[in-house]
Amino acid sequence: VQLVESGGGLVQPGGSLRLSCAASGFTFSSYVMSWYRQAPGKGRELVAEITSTGGTTNYKDSVKGRFTISRDNAKNTVNLQMNSLKPEDTAVYYCRGRGPSGRTSWGQGTQVTVSS
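Residues numbered from 1 in each chain as written. Predicted model: local features only at pLDDT ≥ 70, side-chain atom pairs only at ≥ 80, totals over all residues. Heavy atoms only, no water.

Moving on to the sheet that holds strand β8 (residues 77-82). What the 4 strands build is an open sheet, ordered β1-β3-β8-β7; its pairing is antiparallel. Edge positions in the sheet fall to β1 (2-6) and β7 (67-72), since each has one partner strand and no second. With strand direction ignored, the average angle separating the axes of adjacent strands in the sheet is 15°. Inspection of the sheet shows β7 paired to β8 by 6 bridges, in the antiparallel sense. The partner of S70 across the bridge, within β8, is N79. (Pairing = 2+ DSSP bridges. Helix = DSSP H or I, 4+ residues; strand = E, 2+ residues; numbered from the N terminus. Axes fitted to C-alpha atoms, helices over the stretch in contact; angles between N-to-C directions.)

Spelled out as structure tokens, the structure:
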């Protein structure tokens, strides 16, 4: 199982970034996919989640209306579109996959920094 995130970087407040996670080595279409983040000195928290078919999504309250999670099961990718970014969104963002058995796999993370 391999998950590789990309798309992080430095952006000004109010700006946008699109994170991508490329998956390989497992049946992607069977996995619930999620984006987590971890800010310095804080625990890892769930940001957004999408079911295996993409039919249901769930978001952390503070990102609702600003972030959108999506997936392409044909390309084995999951994305996180982040708009209206705030300094408090600064964190390392991780992609996570959870299979039908409950087994989870994590990517290595990508840094997002929101600063003027």
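Let us now look at the packing of aromatic side chains. Here the distance between the centres and the angle between the planes together describe a pair of aromatic rings. Summed over the entire model, instances satisfying the criterion amount to 4 aromatic pairs. Here the aromatic rings of Y36 and W106 are separated by 4.9 Å at their centres, their planes lie at 65°, and the arrangement is edge-to-face. Here Y36 is found in strand β4 (residues 32-38), whereas its partner W106 is found in strand β10 (residues 104-106), with 70 residues between them in sequence. Consider the rings of Y94 and W106, whose centres lie 6.4 Å apart with planes at 85°: the pair is edge-to-face. On the criterion of sequence distance, the pair formed by Y94 in strand β9 (residues 91-98) and W106 in strand β10 is long-range, its members being 12 residues apart. (Phe/Tyr/Trp six-rings, centres within 6.5 Å; stacked < 30°, edge-to-face > 60°.)

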